[in-house]
Amino acid sequence: MSTSAPTGASPRPVRVLLVEDDELMRRSFTVALERYGYEVNAAADGLAGLELFRDESFDLLILDVMLPGLDGIGLCRKVRETSLVPVLMMSARGDGLDVVAGLEAGADDYVVKPVDTYVLVARIRSLLRRAAYAPAPGPERAADGGTPSEGEVLVFGELSIDTGGMEVFVAGSPVALTPTELKLLLEFAAHPGVVLERHTLLRNVWEYGWDGDSRVVDLCVQRLRRKLGREWIETVRGFGYKLRR
């Protein structure tokens, strides 16, 4: 993610890779994002986007679902083979298949086209905050019910979370999580044994100020279970999820 520049120097702009096959939309999104200070590299198809991703370094990816050659779902899967960079999917249909496929492929969030520039930028900022997330000392509860300090290691049986190094281990083995998956796990870890409703998780993790799509939560929980093991996060039907103590 973006790093601090030396004293007296301007911070480098956030670099965004936009992959969109519609030329008018590609230009429109590029101009709009550059107006907000983002540095945008754009590609018109999935294979060109993959080549750009492999050749250069980006802070965030925006991928259209419907792309020629290699679609956005396949591109997201290729990205996730080597990178945890935040990924925002765009869908013209907004139907369940696109949403589920994109999130299962490893995307962090999605928007439905046509999308207002303000909404797009808000989602981008939320993703970048998650990517740079580090919990500050505060009133959250540690695994033992106390107050966690910065850099504390939270331990739940064989699951341990280093809140300073932002590292997760299961039975001593490191587990690679995307920024969204990590922040979701930290939200559970701050409230062990407490049922967290989907709308609470949407607000605290995805920063939705309105009722969002709860499938985003469900599919991210599924991804966490695949990586950590199914036993850590329990479904409480009709309510939400909780981290087992």
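What counts, and at which threshold
- Residues numbered from 1 in each chain as written.
- Predicted model: local features only at pLDDT ≥ 70, side-chain atom pairs only at ≥ 80, totals over all residues.
- Heavy atoms only, no water.
- Axes fitted to C-alpha atoms, helices over the stretch in contact; angles between N-to-C directions.
- Helix = DSSP H or I, 4+ residues; strand = E, 2+ residues; numbered from the N terminus.
- Parallel < 35°, antiparallel > 145°, perpendicular 65-115°, else oblique.
- Contact = heavy atoms within 4.5 Å.
- Nonpolar A, V, L, I, M, F, W, Y, C, P; charged D, E, K, R; others polar.
- Pairing = 2+ DSSP bridges.
- Expected span 1.5 Å × (residues − 1).
- Buried < 20%, exposed > 50% of the residue type's maximum accessible area, 1.4 Å probe, protein only.
- Salt bridge = Lys/Arg side-chain N within 4 Å of Asp/Glu carboxyl O.

## What about the packing of helix H6 (residues 179–189) against helix H8 (residues 215–228)?
Here is step 1: Orientation of H6 relative to H8, taken along the N-to-C sense of each, is 85°, at an axis distance of 10 Å. Overall, the two elements H6 and H8 adopt an arrangement that is roughly perpendicular. For the pair H6 and H8, contact is made by Thr180, Glu181, Leu184, Leu185 and Phe188 and by Cys220, Val221, Arg223, Leu224, Lys227 and Leu228, respectively.
Here is step 2: Partitioning the contact of H6 with H8 into residue classes produces seven nonpolar, one polar and three charged.

## Some words on unusual backbone geometry
Here is step 1: Along the chain, Lys113 connects to Pro114 via a cis peptide bond; the corresponding omega equals 0°.
Here is step 2: Within the secondary structure, Pro114 is located in the loop between strand S5 (109–112) and helix H5 (117–131).
Here is step 3: Unlike most non-glycine residues, Met166 shows phi in positive territory, near 55°.
Here is step 4: Tracing the sequence through the fold places Met166 in the loop between strand S7 (159–162) and strand S8 (167–170).

## Observations concerning the sheet that holds S8
In any sheet, the strands associate via hydrogen bonds between backbone groups, in a parallel or an antiparallel arrangement.
Here is step 1: Across the sheet, four strands lie side by side as S6-S7-S8-S9; this open sheet has antiparallel pairing. Two strands in the sheet have a free side with no partner beyond their single neighbour: strand S6 (153–156) and strand S9 (173–175). Strand-to-strand twist of the sheet, defined as the mean angle between neighbouring strand axes without regard to direction, takes the value 25°.
Here is step 2: The sheet contact formed by S7 and S8 spans four bridges and is antiparallel. In the strand pairing of S8, Asp162 is matched with Glu167.
Here is step 3: This element, H6, spans S6, S7 and S8 of the sheet and lies at about 110° to S7.

## Focus on the sheet that holds strand S11 (residues 233–236)
Here is step 1: Judged by pairing direction, the sheet is antiparallel, and its three strands sit side by side in the order S10-S12-S11 without closing on themselves. Since the sheet does not close on itself, it has two edges, and those belong to strand S10 (196–197) and S11, each with one partner.
Here is step 2: Looking at chain direction, S11 and strand S12 (residues 240–243) are connected through four bridges and run antiparallel. Residue pairing in the sheet places Ile233 in a bridge with Leu243 of S12.
Here is step 3: The strands touched by H6 are S10, S11 and S12; relative to S12, the strand with the most contacts, the crossing angle is about 75°.
Here is step 4: Its contacts with the sheet put H8 on S11 and S12, and the angle it makes with S11 is roughly 145°.

## A short note on H8
Note on helix geometry: an α-helix contains 3.6 residues per turn, so any two residues three or four positions apart are oriented the same way.
Here is step 1: A rise of 1.5 Å per residue sets the reference length of H8, with its 14 residues, at 20 Å; its end C-alpha atoms lie 20 Å apart and thus fit the reference within 8%.
Here is step 2: Every buried residue of H8 is accounted for by Val216, Val217, Asp218, Leu219, Cys220, Val221, Arg223, Leu224, Arg225 and Leu228.
Here is step 3: With its phi angle positive at about 115°, Gly229 sits one or two positions after the end of H8.

## Some remarks on the environment of Leu17
Here is step 1: Relative to the assigned elements, Leu17 resides in strand S1 (residues 15–19).
Here is step 2: Note on Leu17: relative accessible area 1%, which makes it buried.
Here is step 3: Along the sequence, Leu17 and Ala43 sit 26 residues apart, while their C-alpha atoms lie 7.8 Å from each other.

## Quick word on the environment of Leu120
Here is step 1: By the element assignment, Leu120 lies in helix H5.
Here is step 2: Counting along the chain gives 30 residues from Leu120 to Met90, while the straight-line C-alpha distance between them is 9.7 Å.
Here is step 3: Look past the residues within four positions of Leu120 in its chain and what remains in contact with it is Phe29, Leu33, Ile62, Leu88, Val111 and Val115.

## Digging into the pattern of salt bridges
Here is step 1: A complete count under the given rule lists 15 salt bridges for this structure.
Here is step 2: Two residues, Lys113 and Glu20, come together in a salt bridge whose shortest N-O distance is 2.8 Å. Of this pair, Lys113 sits in the loop between S5 and H5 while Glu20 sits in the loop between S1 and helix H1 (23–35), placing them 93 residues apart in sequence. Like Glu20, Lys113 is buried.
Here is step 3: Here Arg198 makes a salt bridge to Asp218, at a shortest N to O gap of 2.7 Å. Pair noted here: Arg198 is in helix H7 (residues 198–204) and Asp218 is in helix H8, with a separation of 20 residues, a long-range link.
Here is step 4: On the accessibility criterion, Arg198 (22% relative accessible area) is partly exposed.
Here is step 5: Look at the salt bridges and you will find they share partners, linking Arg15, Glu39 and Glu56 into a network.

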